[in-house]
Amino acid sequence: MGTIHTSDILFATLSCGHNTISRRILTGIASVAEIVKLLRPDSLSRFGLYTLEIRNSTAGWSHRKQLTFGL
């Protein structure tokens, strides 16, 4: 995964299984932790294994990360 700069345009998708929980276009973000903090409230109705996919359209890279959320 590349570096995230606050000037980057990020496309973030949070999914659980085959269900998309949240899809957002973000700017002004400096870390993956900030992305998780923004998308986490969308997942509060479920717990389990999630997939976070981040595409940085400014820098030209994408990254997929597995996350586990509990209640």
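As a starting point, this report considers the structure included with it. Please read these numbers as outputs of a predicted model, since none were measured by experiment.

### Here we look at the side chain of D8
Okay, so step 1: Relative to the elements of secondary structure, D8 occurs in the segment before β1 (10-16).
Okay, so step 2: Of the side chains with opposite charge, R55 lies nearest to the buried D8, which makes no salt bridge, at 12 Å.
Okay, so step 3: A distance of 2.9 Å separates a polar side-chain atom of D8 from the backbone nitrogen of H5.
Okay, so step 4: Within the structure, D8 has its side chain in polar contact with the side chain of N56 (distance 2.8 Å).
Okay, so step 5: With residues up to four places along the chain from it excluded, the contact list for D8 reads T3, L26, T27, G28, N56 and T58.

### Digging into the environment of R40
Okay, so step 1: Tracing the sequence through the fold places R40 in the loop between α1 (32-39) and β3 (48-56).
Okay, so step 2: In this structure R40 comes out as partly exposed when scored by relative accessible area, which is 24%.
Okay, so step 3: Put simply, R40 and L14 are 26 residues apart on the chain and 8.7 Å apart in space, counted from C-alpha to C-alpha.

### Examining the pairing of strand β4 (residues 61-69)
Okay, so step 1: As judged from the 9 bridges shared by β3 and β4, these two strands associate in the antiparallel manner. Among the inter-strand pairings, I54 is bridged to a residue of β4, identified as H63.
Okay, so step 2: Counting the residues between successive antiparallel strands, the hairpin from β3 to β4 contains 4 residues, one of them, G60, with a positive phi of roughly 85 degrees.

### Some words on the sheet that holds β3
Okay, so step 1: A sheet is described by the order of its strands in space; here 4 strands give the open sequence β2-β1-β3-β4, paired in antiparallel fashion. With one partner strand each, in any of the chains shown, β2 (19-26) and β4 form the two edges of the open sheet. For this sheet, the mean inter-axis angle between neighbouring strands, taken without regard to orientation, is 15 degrees.
Okay, so step 2: The sheet contact formed by β1 and β3 spans 6 bridges and is antiparallel. Paired with A12 across the strands is I54, a residue of β3.
Okay, so step 3: Lying on the sheet, α1 is in contact with β1, β2, β3 and β4; it crosses β3 at an angle near 125 degrees.

Basis of the calculations
Residues numbered from 1 in each chain as written. Predicted model: local features only at pLDDT ≥ 70, side-chain atom pairs only at ≥ 80, totals over all residues. Heavy atoms only, no water. Helix = DSSP H or I, 4+ residues; strand = E, 2+ residues; numbered from the N terminus. Buried < 20%, exposed > 50% of the residue type's maximum accessible area, 1.4 Å probe, protein only. Lys, Arg positive; Asp, Glu negative; His and termini not counted. Salt bridge = Lys/Arg side-chain N within 4 Å of Asp/Glu carboxyl O. Polar contact = N/O pair within 3.5 Å; in protein donor to acceptor, adjacent residues only side chain to side chain. Contact = heavy atoms within 4.5 Å. Pairing = 2+ DSSP bridges. Axes fitted to C-alpha atoms, helices over the stretch in contact; angles between N-to-C directions.

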